[in-house]
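One-letter residues, chain by chain:
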Amino acid sequence: MGKVAAEIQSRLMAALAPTALEVIDDSASHHGHAGHRGDDAESHFTVKISAASFAGQSRIARQRAVYAALGDLMAPDRIHALRIVASAPGEA
């Protein structure tokens, strides 16, 4: 796991206490696309997260909670793209 992916995981664990968390670095599949810096930098991610705090929240509220937990990592020179799959425990 790269440095940025590890930081994503750490921040989400601290802020949301997820019951399940997967951080996937999708950067390699974006070579030549907008936002890819052309080096091996981590810039594109998928986060699959399940947390009790998401129960009863809308998809947008869940995404906002993830963005809030990541804070300055969402700066344009850090994470260019983030796909979020957020659920409450027991949801499909």
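Definitions and limits used
- Residues numbered from 1 in each chain as written.
- Predicted model: local features only at pLDDT ≥ 70, side-chain atom pairs only at ≥ 80, totals over all residues.
- Heavy atoms only, no water.
- Helix = DSSP H or I, 4+ residues; strand = E, 2+ residues; numbered from the N terminus.
- Buried < 20%, exposed > 50% of the residue type's maximum accessible area, 1.4 Å probe, protein only.
- Contact = heavy atoms within 4.5 Å.
- Axes fitted to C-alpha atoms, helices over the stretch in contact; angles between N-to-C directions.
- Left-handed = near helix turned anticlockwise from the far one by under 90°.
- Nonpolar A, V, L, I, M, F, W, Y, C, P; charged D, E, K, R; others polar.
- Expected span 1.5 Å × (residues − 1).
- Arc of directions from axis to C-beta.
- Pairing = 2+ DSSP bridges.

1. Focus: the environment of Met1
Next, step 1: Tracing the backbone through its elements, the reader meets Met1 in the segment before helix 1 (3-16).
Next, step 2: Look at Met1 and you get exposed, because its relative accessible area is 67%.
Next, step 3: Met1 sits 22 residues away from Val23 along the chain, and the two C-alpha atoms are 8.9 Å apart.
Next, step 4: Apart from the residues within four sequence positions on either side, Met1 is in contact with Ala6 and Gln9.

2. Observations concerning the packing of helix 1 against helix 2 (residues 59-70)
Next, step 1: Here helix 1 crosses helix 2 at 115°, and the two axes come no closer than 9 Å. With respect to the hand of their crossing, helix 1 and helix 2 are arranged in right-handed fashion. Facing Ile8, Arg11, Leu12, Ala15 and Leu16 of helix 1, the residues of helix 2 in contact are Ala65, Val66, Ala69 and Leu70.
Next, step 2: Looking at side-chain class alone, the contact of helix 1 with helix 2 contains eight nonpolar, no polar and one charged residues.

3. Focus: helix 2
Next, step 1: Between the first and last C-alpha of helix 2 there are 17 Å, a value that for twelve residues agrees with the 16 Å anticipated at 1.5 Å per step.
Next, step 2: Among the residues making up helix 2, those that are buried are Arg62, Val66, Ala69 and Leu70. Seen from one end, helix 2 has its buried residues packed into an arc of 100°, which puts them on one side. Facing away from the buried side of helix 2 by over 90 degrees, the exposed positions are Arg64 and Ala68.

4. Let's talk about the sheet that holds strand 2 (residues 44-50)
Next, step 1: Overall, mixed pairing links the three strands, which are arranged 1-2-3 in an open sheet. The open sheet has two edge strands, strand 1 (20-25) and strand 3 (81-87), and neither has a second partner. When strand polarity is set aside, the average angle formed by the axes of neighbouring strands in this sheet is 10°.
Next, step 2: Here six bridges tie strand 1 to strand 2, and the two strands are oriented antiparallel to one another. Of the residues in strand 2, the one forming a bridge with Ala20 is Ser50.
Next, step 3: In this fold helix 1 packs onto strand 1 and strand 2, with an angle of close to 25° to the strand it touches most, strand 2.
Next, step 4: Against the sheet, helix 2 contacts strand 2 and strand 3, and its axis sits at roughly 125° relative to strand 3.

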